[in-house]
Structures are given as C-alpha cells and as structure tokens.
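Letter by letter, the chains look like this.
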Amino acid sequence: MALRRLIFIAFALFFAIPCGLSATGGASAVDASGIELPAFAAAAPGQVLRPVYPEDAASPHLPPSLEEYHSYEARHGITGTWERIVSRAERTPFNVVATAIFLLALVHTFLAGPITRLSHKIEEKHRLAIIREGRTAHAKPYLNARDDVSIPARILHLSGEVEAIFGLWLVPLMLAVFWFHGYGDFANFVDGKVNYTEALFVVAIMAMAASRPVMRLAEGALRFVAGRLFGNSPAAWWVSILVLGPILGSLITEPAAMTISALLLARLIYRLNPSEKLRYATIALLFVNISVGGTLTHFAAPPVLMVAGKWGWGMEHMFLHFGWKAIVGILLATGAYYLFFRKEFRQMRQRSERSHSYGRHDGEEPVPRWVTFAVVLFMAWTVATAHHAPLFVGGFLFFLAFHSVTSTWQGRLSMREPLMVGFFLAALVTHGTLQQWWIEPVLSSLGAGELFVGSTVLTAFNDNAAITFLASQVPALAQDAVLQHAVVYGAVTGGGLTLIANAPNPAGQSILHSFFGEGGISPLKLLVFSLLPTAIVGAAFLVLP
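Given the structure is predicted, the values throughout are model-derived calculations rather than measurements. (Residues numbered from 1 in each chain as written. Predicted model: local features only at pLDDT ≥ 70, side-chain atom pairs only at ≥ 80, totals over all residues. Heavy atoms only, no water.)

1. Overview of the packing of helix α14 (residues 254–268) against helix α27 (residues 505–512)
As a packed pair, α14 and α27 sit with axes 9 Å apart at the nearest point and diverge in direction by 20 degrees. In terms of their interaxial angle, α14 and α27 are classed as roughly parallel. With respect to the hand of their crossing, α14 and α27 are arranged in right-handed fashion. Contacts between α14 and α27 involve Met 258, Thr 259, Ala 262, Leu 263 and Ala 266 from the first element and Asn 505, Ala 507, Gly 508, Ile 511 and Leu 512 from the second. Split into classes, the residues belonging to the contact of α14 with α27 amount to seven nonpolar, three polar and no charged. (Axes fitted to C-alpha atoms, helices over the stretch in contact; angles between N-to-C directions. Helix = DSSP H or I, 4+ residues; strand = E, 2+ residues; numbered from the N terminus. Parallel < 35°, antiparallel > 145°, perpendicular 65-115°, else oblique. Left-handed = near helix turned anticlockwise from the far one by under 90°. Contact = heavy atoms within 4.5 Å. Nonpolar A, V, L, I, M, F, W, Y, C, P; charged D, E, K, R; others polar.)

2. Focus: the nonpolar core
By size, the foremost hydrophobic cluster in this structure holds 129 residues, and its most contacted members are Phe 94, Phe 201, Trp 238 and Leu 286. If you look at the next biggest cluster of nonpolar residues, it comprises five residues, including Tyr 69, Ile 85, Ala 89 and Trp 437. (Core = buried A, V, L, I, M, F, W, Y, C linked by side-chain atoms within 4.5 Å. Buried < 20%, exposed > 50% of the residue type's maximum accessible area, 1.4 Å probe, protein only.)

3. Let's talk about the environment of Ser 211
You can see Ser 211 is positioned in the loop between α11 (197–209) and α12 (212–229). Along the backbone, Ser 211 and Arg 412 are 201 residues apart, and their C-alpha atoms lie at a distance of 8.1 Å.

4. Things to note about the environment of Ala 539
Within the fold, Ala 539 resides in helix α28 (residues 523–543). Spatially, the C-alpha atoms of Ala 539 and Lys 325 are 9.5 Å apart, while their sequence positions differ by 214 residues.

5. Things to note about a nonpolar patch on the surface
The grouping of Val 107, Phe 110, Leu 111, Val 453, Val 457 and Phe 461 at the surface amounts to a nonpolar patch, some 530 Å² of accessible area in total. If you list the elements that add at least two residues to the nonpolar patch, you get α5 (94–110) and α24 (448–461). When residues of the nonpolar patch are assigned to their parent elements, the largest contribution, three residues, is made by α24. Here Val 107 shows up in helix α5. Given a relative accessible area of 45%, Val 107 falls into the partly exposed group. (Patch = residues over 30% accessible without salt bridge, like charges linked within 9 Å, V, L, I, M, F, W, Y side chains within 5 Å. Areas by Shrake-Rupley, 256 points an atom, 1.4 Å probe, with all protein chains shown as cover. Salt bridge = Lys/Arg side-chain N within 4 Å of Asp/Glu carboxyl O.)

6. Description of the packing of helix α13 (residues 234–252) against helix α18 (residues 342–352)
Think of two packed helices as two axes; the pair is described by the angle between the axes and how far apart they sit. Viewed as axis vectors pointing N to C, α13 and α18 meet at an angle of 115 degrees, and their least axial separation amounts to 8 Å. On the basis of their axis angle, the class for α13 and α18 is roughly perpendicular. Packed against α13, whose contacting residues are Pro 234, Ala 235 and Trp 238, the element α18 presents Phe 345, Met 348, Arg 349 and Ser 352 at the interface. Considering only residue class, the contact of α13 with α18 consists of five nonpolar, one polar and one charged.

In structure tokens form, the structure reads like this:
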C-alpha cells in the first residue's frame, strides 16, 4: 500500500505541476526592461526564480540565447570565464538546476556497477523467499504461471543500465522545466531546439549491422585473414580480431564491431584460459581500438556522429584527419601487447591444437549471398540519407519487412541494444543542449593541447559522445578545425579507459565479464592495462601529420 501511495503521489505531482503552471502561464506581462514574461514569472517582479528570456520576444524561452548573454556581457564589461558563468547563473537560475541534474546523472553513471550488484543481491534474496513461500511458477495452480518478481530489484537493475541513466534523469529535468517555464516551453524545446536525428540513425544502423547476414559477413572476413592467411593460431586470431574488428566498425558501426569482436574473443581466446594479465590486456585493447577504429567514417562512432553534421565532416575529412592515424595507432598498440605476450601465445597454441574444431565455422546454416547483398544495400541507403530522418526511417521500415520475409536466414532481430543506445544518445542531446551556458565560456578559453588532455580525461568519467556533443555547442569551435580535431582526438583516445567511456563498452563487458571471476571486470585493472594503448593511439593522433 505504501508503494502504491508513493506512485499515486508521483503521478499527481507529474500532472499537477504542468497543469498548474499552464493555468497561470496563458497570460503574459512586460517587465521594466521590456522583455515579455509569462504570468507566473511576472507575478512577483523581484522573484529570484524569474527566468531571463532573449530580447527577441518571438524566440523560444528555452534554452536562453547565447547571443543575449553575449550582448549583456559586452554592455557590462564581463570578460572573465568565471565571471561570465556566475553572471549567467544569476540571471537565469534555471541554468544551475539543469546543470545540477546533469551532474547528478554523471555521478549516477559511476554508481551503475554497485547498483547492479545490489539488484542481483536483492533478486537472489527474493528468489530464496519465493521458493520458501511457494510463490514460484511451479507452485502456483495456474496455467502459464510465472515466478513472482521483485519490483525493487527490477528498478535497481534498470537504474544500473548505463545507457538508461541519462534518460531516467530526464524526468526531474522535465519537472524542473515545468516549474521554471511551463509545459509549452518544454514542448517547443524538444520540438525545435533538440535534434534527435542522430539517435534515430544509430537505432536503424545498429539494428541492420547486428543482423545475421552482416555479422556472418564480418566474421567471414576475420576467418579468412586469421584462418587462411596466418595459420589459424590463437595469436593470428587475437591480432586479426583486435585489428580488423575495430576497423570494420567504421562500416558496420562500433557497437556491432564490439559485439562481433567480443564474441570471437570469447570463443577463440578466453576459452583457452589465458593469464589474468592477458585477459585484461585483451579487453583493454579491444575497448581502445574500437573507440578509435570507428573514425574512418563519419557515421560509425557516436562521438563523431555527434559533431560530423554540425561541423561538416564527411568520409574524406574523416579518413584524412582521423582514419589513417587510427589505423597506425591500432597496429602499434596491438603490436606492443603482442610482443609482450608472445610466449604465452605459443603456450595457447599448444592447447588449441588439442581441439580439432578450433577456429572453424560454428556449423550454422550459411546466409545466401543475395540476402547479405540486400542488407548491405539497406545499410548504404541509411548512411547516404543519415541527415534526413524521414528517408532512413522509411528505409528501416522496409528493412524490417525484408527481415520478416527472409527470416529463415535472418534469425531473431534484437532491438534492445539499438534502442538502448539510441535512448542514451537522445537523452544526452536533451541534457547537453541545456549546458551551453557554462561549457561555451570554459571551452572557449582553452587551447588545442588543453582541449585534447581535458577531453581525454573527462571521457574516463563520462561517455565520449557527451564530451563531443558539449563541444559542438560552443560557437568558438565552429570555425576552428584545430580545436575541433583536438576535442575529438581526446574523446576517442580515452574511450577505453573505463566501462562508461564509450557507448559500446558495456556490450563488450556483458559478453566477456564471466571470464573475470565472480567479481567481474575490475575498473582499476582495466584502467591500468588501457593506459599503454591509450598513450599510443593518442600519440598517433597528435604526432602524425
């Protein structure tokens, strides 16, 4: 009963706040400066919570215009970075609230692991309780009965999903917007100020790339290189997966490349029981290489996708300024760890020779070439129309119909991972658009070297797509290619430092975590083993011309 009351109160507040504000927000008033204010703000002229709107009354009230801030700062001689931030916070207190919610979401990402472990403990305790109390499916006298579930454990498990965290924090953000501005301004904000095209694109391209024909095509390419060209040894598979897999990510997207590479590593490397050092070196190298391997194109890596459209980066730009450097960095980083573990690879080869099926096809029915070709065409259409959501969404609907018709060779289409990543990016864009007020003066005061180091370090504490998106909100970077490159170099370089540094990392972690003992992957050990490849690929981006 207590839980039901809390839910009822939450829904009552959810609907009462916007309705109450809209009831008073229909009229408007004009303050002494001539700026039109909504009625709830004008009712108390000296009220601290009164928002400051752009001088053009026809402009949307959310978020406040940077041009309005610049005009005010120029009139009052405010030039220092900190002074500009304080001035904007004082004039528009909602800025502080939006940023506080964003920072709480960031803190939440660090707690994702402990929250998930707590949910597992509660779930195990609940399982023992329903067995003891006869509330399992077998004990119920009903057809199609199911075990009673633990709602707290399910909620905690959802709260521990890295991809869902920013979306969950949209709820308090929305309520804050209702309080300060009203429902109308929030609707105008999400309709006209936030661009969700990239999030929709990621859902479509990930679903296609994760389909069985594309997965088989990528796996076949790796099997040709490792099995036929280099002798089908563990070392050959290890190098091929960690070099070609990430580079393929530029075509089939990073999340799909992470899934394929992690599955092959689990089957061909981790099952040979490598040492703990090699286990951590492998997953660290996988995370780093995947993060930089998607930079050969402008659509595969989430941190690049966040800025490519706004800064006008296409295929040619990405390969000339990022792609070939990424390939050099991947080869050097992988080669360094190969030399360090070459003795252990020789031992692993002896173990692999005892298995006659090592490296062979898993025996599943092959996919007809025409089916694979059709899926590749669907992906090509999606990439070609990446900036026009109605076109690629329509193409994706046709892909779903084709998938249903050819389900004999397609298998089950998993939409969970694409939807979760798309949800993450959509929520990130929503939060990030409201951070312009402080990120603009901070990043505008930094040079290229400081931006590279700062974005690399910040990526360890947040998804690298968040870093590049925030950078894309800074007008000073719009015309400076050197600063743009520095930010993205740092963001993709640091993508392997932690599990939350790059969106595909949780997918790799979920596939490989069982090989790291009961406690799972240690964040500290992952950080330590990722430092060397991170330094190598970072140097490749900075040193190479």
